[in-house]
Amino acid sequence: FSNILLVMGAMSPIYHTNLFTVNENLEIVNEQLNKLGFITFDYKLNYMGSNKYALNVFTELNNCKICKPVITEQKELLLLIKNVESYKELLKYSTKKKGHSTIKSNNFKLNNRVYETRIHTINNFLGHLVGFTIEFIDETEHYRAIELTERYNENLTKEVNEKTKRIRYIQEKTILGMAQMVESRDLSTGGHIKRTSDVVRIFAKKLETENLGCDKHFLRLVIRSAPMHDIGKIGVDDAILRKQGKFTDEEYANMKKHAEIGYHMVSEILSDVEEPDFVKVAENVAHYHHEKVNGTGYPHGLKGDEIPVEARIMALADVFDALVSKRCYKEAFSYDKAFSIIESDAGTHFDADLAKVFLSCRSELEDYYNRSEE
């Protein structure tokens, strides 16, 4: 039995040698080398030789002389040599220990092919730098795959964005339609939804340049929310909405409920289909646009900064439109009178800082209302 083991032990290396013969290893090495280009230089960057792959890529190398500088007008080859020169300069100031090192160089394109490049140092047996090898490999298919992937992702992102815009457009049109349906029941506020939305847009543009903590994204949300500020009137009786003349105290109390109703409606409609930031802004606009900074507004009698800034913005647009528009219980006020009321109520009804900015919009607002009347 022991003799059998000895024979098997002797056969084992023979078996492994047959599996991994020198010729087979040589073929594997050659297969890999035939995919790589090599160009070597001495320390002074004189040409020292190339493999067949490199000679096929840079045909001018066939005319180069050993131990002489490369003479070429081919910009890709000149760039490679320049990269070696830069690496050589970098190594002069390197604090690394002596030994072989490699750096990834810039890719280059030639004849519609893309090549990845590395520069290797050549060291003698003492570890001293004596030359350089440029190694490059054709990675065109890899980069084409990346390009196709990027293009696909770009097109997919574009398609998603377009569909998102379309969905948002449909949502906004639906909400606007609902608001206009509500408005059609109210005989005293025809066109109020559109006008106040446009006033908020004009106001927001001015606020972008002011240091009041209202960034562009936030103001965009306020503009989108503006058409929903009176949506709660859908829960108010027709008899009240369609009344010609002033309300009784009881009717006015019922009318004031629209702020609370609007808040719940906006929350129900938007919560599952819109981003949370927009839902919150829209809820606040509907809920608090009748609050006053002195605490005498409704539905909760909030004061000052207790009132969300979006609702304070909406309050100015809402009241201004009511002042300059004809209602069943009054004629339209002149611009002078309307702006005078806004100014006098700054700090009591309206946020003083916001009112100041709103007053600076006078010329734009007058132009808008004048165009609307044409």
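Now for a look at the structure at hand. Quantities reported herein were computed from a predicted structural model and do not represent experimental measurements. (Residues numbered from 1 in each chain as written. Predicted model: local features only at pLDDT ≥ 70, side-chain atom pairs only at ≥ 80, totals over all residues. Heavy atoms only, no water.)

### Overview of the overall build of the chain
Move 1: If you tally the helices and strands in the chain, you get 15 helices and five strands.
Move 2: Taken over 374 residues, the chain has a buried fraction of 39%.
Move 3: Restricting to contacts in the chain with at least 6 residues of sequence separation, those with at least 24 account for 56%.
Move 4: When the accessible surface of the chain is split by element, carbon and sulfur atoms take 54% of a total near 22600 Å². (Helix = DSSP H or I, 4+ residues; strand = E, 2+ residues; numbered from the N terminus. Buried < 20%, exposed > 50% of the residue type's maximum accessible area, 1.4 Å probe, protein only. Contact = heavy atoms within 4.5 Å. Areas by Shrake-Rupley, 256 points an atom, 1.4 Å probe, with all protein chains shown as cover.)

### What about the environment of Gly-37?
Move 1: Counting through the fold element by element, Gly-37 comes out in strand E1 (residues 36-42).
Move 2: When the C-alpha positions of Gly-37 and Ala-54 are compared, they lie 4.4 Å apart, and in sequence the two are 17 residues distant.
Move 3: Beyond its immediate sequence surroundings of up to four residues, Gly-37 is in contact with Asn-51, Tyr-53, Ala-54, Ile-134, Glu-135 and Phe-136.

### Topic: the sheet that holds strand E2 (residues 47-50)
Whenever strands of a sheet pair, they do so through backbone hydrogen bonds, lying parallel or antiparallel.
Move 1: In space, the five strands of this open sheet follow the order E2-E1-E5-E4-E3, with antiparallel pairing throughout. Strands with a single pairing partner mark the edges of an open sheet, and in this sheet they are E2 and strand E3 (102-110). Strand-to-strand twist in this sheet, taken as the mean axis angle between neighbours without regard to direction, amounts to 20 degrees.
Move 2: In this structure, E1 lies alongside strand E5 (residues 129-138), joined through seven bridges in antiparallel fashion. Across the sheet, the residue bridging to Asp-42 is Gly-131, located in E5. (Pairing = 2+ DSSP bridges. Axes fitted to C-alpha atoms, helices over the stretch in contact; angles between N-to-C directions.)

### Comments concerning the environment of His-120
Move 1: Looking at the secondary structure, you find His-120 in strand E4 (residues 113-123).
Move 2: Separated by 80 residues in the primary sequence, His-120 and Thr-40 place their C-alpha atoms 9.3 Å from one another.
Move 3: When residues no more than four places from it in sequence are discounted, the contact partners of His-120 are His-100, Ser-101, Thr-102, Gly-131, Phe-132, Thr-133 and Glu-135.

### So, the pattern of salt bridges
Move 1: Applying the stated criterion to the full structure yields 15 salt bridges.
Move 2: The residue Lys-163 makes a salt bridge to Glu-159 at a minimum N-O spacing of 3.4 Å. Residue Lys-163 and its partner Glu-159 are both found in helix H5 (residues 140-185); the two are separated by four residues, about one turn of the helix.
Move 3: A salt bridge links Arg-312 to Asp-305, with the shortest nitrogen-to-oxygen separation between them at 3.5 Å.
Move 4: By sharing partners, the salt bridges in this structure join Arg-113, Asp-138, Glu-141 and Arg-144 into a single network. (Salt bridge = Lys/Arg side-chain N within 4 Å of Asp/Glu carboxyl O.)

### Some points on a nonpolar patch on the surface
Move 1: Judged by side-chain polarity, Tyr-152, Leu-156 and Val-160 come together as a nonpolar surface patch covering roughly 290 Å² of accessible area.
Move 2: Summarising the element assignment, Leu-156 is placed in helix H5.
Move 3: A relative accessible area of 37% places Leu-156 in the partly exposed class. (Patch = residues over 30% accessible without salt bridge, like charges linked within 9 Å, V, L, I, M, F, W, Y side chains within 5 Å.)

### Let's talk about helix H12 (residues 309-324)
Move 1: Taking 1.5 Å of rise per residue, 16 residues should cover 22 Å, and H12 covers 23 Å from first to last C-alpha, within 8% of that figure.
Move 2: Where burial is concerned, most of H12 is hidden: 15 out of the 16 residues are buried. (Expected span 1.5 Å × (residues − 1).)

### Thoughts on the nonpolar core
Move 1: Judged by nonpolar contacts, the single largest core of 44 residues is most densely connected at Phe-203, Leu-270, Ile-313, Leu-316, Phe-320, Ile-342 and Phe-358.
Move 2: Elements with a minimum of two residues in this core: helix H6 (192-207), helix H7 (216-225), helix H10 (258-270), helix H11 (276-288), H12, helix H13 (335-344), helix H14 (352-359) and helix H15 (362-373).
Move 3: Tallying contributions element by element places H12 first for this core, with eight residues.
Move 4: In this structure Phe-203 touches Ile-313, Leu-316, Leu-354, Val-357, Phe-358 and Cys-361, once residues within four positions along its chain are discounted. (Core = buried A, V, L, I, M, F, W, Y, C linked by side-chain atoms within 4.5 Å.)

### Notes on the packing of aromatic side chains
Here a ring pair, both rings aromatic, is described through the centre-centre distance and the interplanar angle of the planes.
Move 1: Across all of its chains, the model carries 13 aromatic pairs by this definition.
Move 2: For the pair Phe-58 and Phe-136, a centre-to-centre distance of 5.6 Å together with 80 degrees between the ring planes defines the contact as edge-to-face. A residue pair is termed long-range when its members are at least 10 positions apart, and Phe-58 in the loop between helix H3 (52-57) and helix H4 (75-92) and Phe-136 in strand E5 qualify at 78 residues.
Move 3: Three or more aromatic residues joined by ring pairs make a cluster, and in this case those are Phe-203, Phe-320, Phe-339, Phe-358, Tyr-368 and Tyr-369.
Move 4: We note Arg-224 situated over the ring of Phe-278; from NZ or CZ to the ring centre the distance is 3.9 Å.
Move 5: The ring centre of Phe-333 lies 4.1 Å from the NZ or CZ of Lys-337, which sits over that ring. (Phe/Tyr/Trp six-rings, centres within 6.5 Å; stacked < 30°, edge-to-face > 60°. Lys NZ or Arg CZ within 6 Å of the ring centre and 35° of its normal.)

### Details of the packing of H12 against H13
Move 1: Contact geometry of H12 with H13 gives a least axis separation of 9 Å together with a crossing angle of 145 degrees. The interaxial crossing formed by H12 with H13 has right-handed handedness. Between H12, through Leu-316, Val-319, Phe-320, Leu-323 and Val-324, and H13, the contact on the second element is made entirely by Tyr-335, Ala-338, Phe-339, Ile-341 and Ile-342.
Move 2: Among the residues making up the contact of H12 with H13, the classes are represented as 10 nonpolar, no polar and no charged. (Left-handed = near helix turned anticlockwise from the far one by under 90°. Nonpolar A, V, L, I, M, F, W, Y, C, P; charged D, E, K, R; others polar.)

### Considerations on the packing of H13 against H15
In a pair of packed helices, the angle between the axes and the distance between the axes together describe the arrangement.
Move 1: Running from N to C, H13 and H15 point in directions that differ by 140 degrees, and their axes come no closer than 12 Å. Considering the angle they form, H13 stands oblique to H15. The hand of the H13/H15 crossing is right-handed. Packed against H13, whose contacting residues are Tyr-335, Asp-336 and Phe-339, the element H15 presents Arg-362, Leu-365, Glu-366, Tyr-369, Asn-370 and Glu-373 at the interface.
Move 2: Split by residue class, the contact of H13 with H15 holds four nonpolar, one polar and four charged. (Parallel < 35°, antiparallel > 145°, perpendicular 65-115°, else oblique.)

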